[in-house]
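Here are the chains, one letter per residue:
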Amino acid sequence: GSLQRTGVSFPSLWNSFVEIIFFEQLFPHSRIYGRHRRLFDNPIEEHTVDYLQGSCLMFPKHVLHKLSGMNEQYFLYFEETDLCYRLKHEGWKTVYLPQAKLLHYGGSGNEYYNDFRLLEYHKSLLLFLSQHYSPVKQLYFRLLLIVRAIIRGCTFFILSFRPNYFERTAAYFKTAMYLLGIKK
């Protein structure tokens, strides 16, 4: 029953850096620091975006056939990002339409971010990066993701007196080990 923002920017090194230093949370509506989530866009106006959440994504069937469908390598997360990225490179636009309304029963809260989901998120992000970004850019992303996982793990450890934060601490440290190639 509440507005769930969708319509964000493709992964970028700048957005990852801004997220690491928590500027995305401190200045969410900034055009400089809030570029990923684009909260500066007016939610009651139509606008072009890089991609939309998969639960709220519609397009003609022939377009999906032209792209040979969705990439089945994605188990969880980034399948819509990949699809919209490929659409953009075929000359299509992804447009946020405020008049479209649906009820989405999605995950929320701290319990949603368990170690399984966090690890799958990063696996899918790495897959997306490997398919669309240069090896050098992938390396920079991996380094930023490692730093982010360690900082988030430490932050949640400090805040672990709050419910579920200790689990998030463990999840981020497991993710850091995965990103470092220590754990699969």
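An account of the accompanying structure is given in this report. In this text the structure is predicted, and so the values were computed from the model without any measurement.

The rules behind each value
- Residues numbered from 1 in each chain as written.
- Predicted model: local features only at pLDDT ≥ 70, side-chain atom pairs only at ≥ 80, totals over all residues.
- Heavy atoms only, no water.
- Patch = residues over 30% accessible without salt bridge, like charges linked within 9 Å, V, L, I, M, F, W, Y side chains within 5 Å.
- Areas by Shrake-Rupley, 256 points an atom, 1.4 Å probe, with all protein chains shown as cover.
- Salt bridge = Lys/Arg side-chain N within 4 Å of Asp/Glu carboxyl O.
- Helix = DSSP H or I, 4+ residues; strand = E, 2+ residues; numbered from the N terminus.
- Buried < 20%, exposed > 50% of the residue type's maximum accessible area, 1.4 Å probe, protein only.
- Core = buried A, V, L, I, M, F, W, Y, C linked by side-chain atoms within 4.5 Å.
- Contact = heavy atoms within 4.5 Å.
- Polar contact = N/O pair within 3.5 Å; in protein donor to acceptor, adjacent residues only side chain to side chain.
- Disulfide = S-S within 2.5 Å.

### Things to note about a nonpolar patch on the surface
Taken together, the side chains of W14, F17, I21 and I32 make up a nonpolar region of the molecular surface, amounting to roughly 340 Å² of accessible area. Looking at where I21 falls in the secondary structure, it is placed in the loop between α1 (13-20) and α2 (23-26). I21 gets classed as partly exposed once you look at its relative accessible area, which sits at 32%.

### A word on the nonpolar core
One finds F10, F78, L126, F128, L129, Y133 and L179 to be the most contacted residues of the largest nonpolar core, which totals 35 residues. If you list the elements that add at least two residues to this core, you get α4 (79-89), α5 (115-132), α6 (135-158) and α7 (165-179).

### Remarks on the environment of D41
Relative to the helices and strands, D41 is located in the loop between α2 and β1 (47-49). For D41 and R31, which are ten residues apart along the polypeptide, the C-alpha to C-alpha distance reads 9.1 Å. Sequence-distant contacts of D41, defined by excluding residues within four places in its chain, comprise R5 and H47. At 3.4 Å, the side chain of D41 and the side chain of H47 are in polar contact.

### Quick notes on the state of the cysteines
Taken as a whole and assessed by the stated rule, the structure comprises zero disulfides. C56 takes part in no disulfide bond, and the closest cysteine sulfur to it belongs to C84, at a distance of 11 Å. Residue classification places C56 among the partly exposed positions, given a relative accessible area of 28%.

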